Amino acid sequence: MKDTHDTYSILFHVRRITTEDAYVSVPVTSDLMRPEPMPDGTLRLNMDAVAAAALRISRDSRVEWRVESNETQLHPVQQPKPEDRTTFDPFYFQDEQPEPN
């Protein structure tokens, strides 16, 4: 008699989200100031403009990004696997230890 073991599985579409962080300095220039002075004559920063400048600066390739966290979750769109993708089936790797993330 042939020794066969049928296995069954359910395919899930998952995703891993990597969050990185970095620090950037935003030079304070006149274009980051609010156009109207305060009643005492002082100028205030336009924080929307400062935040936009920080985001623009963060796109520079010299910014040092570091991984803050990795999260694996079910993908919100469950769909059939495209033909050009592979599936990890742990049944075939039972004797191997998983690689740490």
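The following refers to the structure shown. (Residues numbered from 1 in each chain as written. Predicted model: local features only at pLDDT ≥ 70, side-chain atom pairs only at ≥ 80, totals over all residues. Heavy atoms only, no water.)

## Notes on the overall build of the protein
- Regarding its fold elements, the protein presents 1 helix and 2 strands.
- When its helices and strands are written in sequence order, the protein yields β-α-β.
- Taking all 101 residues of the protein together, the buried fraction comes to 5%.
- Summarising the internal contacts of the protein: among those between residues at least 6 apart in sequence, 72% fall at separations of at least 24.
- If you sum the accessible surface of the protein, you get close to 9,800 Å²; carbon and sulfur atoms cover 52% of it. (Helix = DSSP H or I, 4+ residues; strand = E, 2+ residues; numbered from the N terminus. Buried < 20%, exposed > 50% of the residue type's maximum accessible area, 1.4 Å probe, protein only. Contact = heavy atoms within 4.5 Å. Areas by Shrake-Rupley, 256 points an atom, 1.4 Å probe, with all protein chains shown as cover.)

## Re the pattern of salt bridges
- Counted under the stated rule, the structure contains 2 salt bridges.
- Residue R62 pairs with D60 through a salt bridge whose shortest N-O separation is 2.7 Å.
- The class for R62 is exposed, based on a relative accessible area of 72%.
- Where E64 meets R66, a salt bridge forms, and the shortest distance between an N and an O atom there is 2.7 Å.
- Residue classification places R66 among the exposed positions, given a relative accessible area of 54%. (Salt bridge = Lys/Arg side-chain N within 4 Å of Asp/Glu carboxyl O.)

## Some words on the side chain of S58
- Considering the arrangement of structural elements, one finds S58 in helix α1 (residues 47-58).
- Only 2.6 Å separates the side chain of S58 from the backbone oxygen of L55, close enough to count as a polar contact.
- Apart from residues no more than four positions distant in its own chain, S58 is found in contact with V24, V63 and W65. (Polar contact = N/O pair within 3.5 Å; in protein donor to acceptor, adjacent residues only side chain to side chain.)

## Digging into the environment of V24
- Take V24: it is sitting in the loop between β1 (14-21) and α1.
- Note on V24: relative accessible area 32%, which makes it partly exposed.
- Separated by 29 residues in the primary sequence, V24 and A53 have C-alpha atoms spaced 9.8 Å apart.

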